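# Topology and contacts: notes
Now for the letters of each chain:
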Amino acid sequence: MTALLGVLARLDRALLLVLEVICITLFAAITFILTLNIVVRFAPFMSMHWFDEILEMLYGALVFYGAAAVWVAHAHFSVGDWLSKRLPGKRSRLVYRFLVEACSLVFIAVFFRYSLDLTLATTERTTAFALPKAWLYACMPITGAIMLVYSVKNMLLELRAIVLAEDPEGIA
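### Considering helix α1 (residues 2-42)
Taking 1.5 Å per residue, 41 residues should reach 60 Å; α1 reaches 60 Å between its end C-alpha atoms and fits that length. Turning to α1, its buried residues are D12, L16, L19, C23, L26, I30, I33, L36, N37 and V40. Tucked into the core, α1 has its buried residues touching α2 (51-73) and α6 (139-164).

### Examining the layout of surface pockets
Estimates place the volume of the second largest pocket at around 210 Å³. What lines the second largest pocket is a set of 14 residues, among which L8, A9, D12, V72 and K153 lie closest to the centre. Of all the secondary-structure elements, those providing two or more residues to the lining of the second largest pocket are α1, α2 and α6. Per-element tally for the lining of the second largest pocket: the top contributor is α1, with six residues. When grouped by side-chain class, the residues that make up the lining of the second largest pocket number nine nonpolar, two polar and three charged.

### Quick look at α6
At 3.6 residues per turn, the α-helix brings residues three or four places apart onto the same side. Helix length check: α6 (26 residues) gives 37 Å between terminal C-alpha atoms against 38 Å at 1.5 Å per residue, within 8%. Downstream of α6 by one or two residues, A165 has phi in the positive range, about 55°.

### Topic: the packing of aromatic side chains
Considering all chains together, one arrives at two aromatic pairs under this definition. Pairing W50 with F129 gives two aromatic rings, centres 6.3 Å apart and planes at 45°, and the pair type is tilted. Residue W50 is located in the loop between α1 and α2, and its partner F129 is located in the loop between α4 (90-121) and α5 (133-137); the two are separated by 79 residues in the primary sequence. Taking the relative accessible area as the measure of exposure, W50 reaches 14% and is therefore buried. By relative accessible area, F129 is classed as partly exposed at 42%.

### A look at the pattern of salt bridges
Enumeration over the complete set of coordinates arrives at three salt bridges. Notably, a salt bridge pairs D12 with K153, separated by 2.6 Å at the nearest N-O pair. With D12 in helix α1 and K153 in helix α6, the pair connects residues that are 141 residues apart, well separated along the chain. Residue classification places D12 among the buried residues on the basis of a relative accessible area of 14%. Taking the shortest distance from any N to any O, the salt bridge between R97 and E158 comes out at 3.2 Å. Of the two residues, R97 is situated in helix α4 and E158 in helix α6; the sequence distance between them amounts to 61 residues. Take R97: its relative accessible area is 10%, and that puts it in the buried class.

### Considerations on the nonpolar core
Membership of the largest hydrophobic core comes to 31 residues, with the highest contact counts inside it found for L19, I33, M48 and Y65. Contributions of two or more residues to this core are made by α1, α2, α4, α5 and α6. At 12 residues, α2 tops the list of elements feeding residues into this core. Look past the residues within four positions of M48 in its chain and what remains in contact with it is I33, L36, N37 and V40. Of all hydrophobic cores here, the second largest spans six residues; its members include L94, A102, M155 and I162.

### Here we look at the packing of α1 against α6
Two elements in contact, α1 and α6, have axes whose closest approach is 13 Å; the angle formed by their N-to-C orientations is 150°. Between α1 and α6, the angle falls in the class roughly antiparallel. Judged by the twist between their axes, the crossing of α1 over α6 is left-handed. On α6, the residues that touch L5, L11, D12, L15 and L19 of α1 are I146, Y150, K153, L157 and R160.

Reading guide: rules and limits
Residues numbered from 1 in each chain as written. Predicted model: local features only at pLDDT ≥ 70, side-chain atom pairs only at ≥ 80, totals over all residues. Heavy atoms only, no water. Helix = DSSP H or I, 4+ residues; strand = E, 2+ residues; numbered from the N terminus. Expected span 1.5 Å × (residues − 1). Buried < 20%, exposed > 50% of the residue type's maximum accessible area, 1.4 Å probe, protein only. Contact = heavy atoms within 4.5 Å. 1 Å grid on protein atoms, 1.4 Å probe; cavity = no way out; pocket = protein on both sides within 12 Å on 5 of 7 lines; lining within 4 Å. Points joined across faces, edges and corners; volume = space filled by probe spheres on them. Nonpolar A, V, L, I, M, F, W, Y, C, P; charged D, E, K, R; others polar. Phe/Tyr/Trp six-rings, centres within 6.5 Å; stacked < 30°, edge-to-face > 60°. Salt bridge = Lys/Arg side-chain N within 4 Å of Asp/Glu carboxyl O. Core = buried A, V, L, I, M, F, W, Y, C linked by side-chain atoms within 4.5 Å. Axes fitted to C-alpha atoms, helices over the stretch in contact; angles between N-to-C directions. Parallel < 35°, antiparallel > 145°, perpendicular 65-115°, else oblique. Left-handed = near helix turned anticlockwise from the far one by under 90°.

What follows is the structure in structure tokens.
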């Protein structure tokens, strides 16, 4: 089991690196296009009629790929874990964390299903470049699938922790 977890940890790091590179690239592209738009306003040497269309695609992708990266890293923010600290015993805190992961899994499963349906059903095209809007929407089911896989993984780790009464993160 330990060897399998080691392989999964290496896969996690590789996927996280890919997601980080995607996010950095998207952010750099957004910065470049915004800067170009400012320059073109003062020195109009080209038309930027496509500006909002491309930014919409880039921002959407950045949000969803960034969310997936945070999900893989298990670094998403929390309003405060005040409830688990009040629960008696280590095992009850582990069960609480398992239930939180289960709720997350349900949400991500619904998100994945409907984002995949939307992506597959759309026949619209973007205005300026006539690109299929499915390309714009594709980041949602892709990142939803990543988050779904990691939600299942997190639930299995939490279940293992409950059964073995150990805390994989050392916070219970």
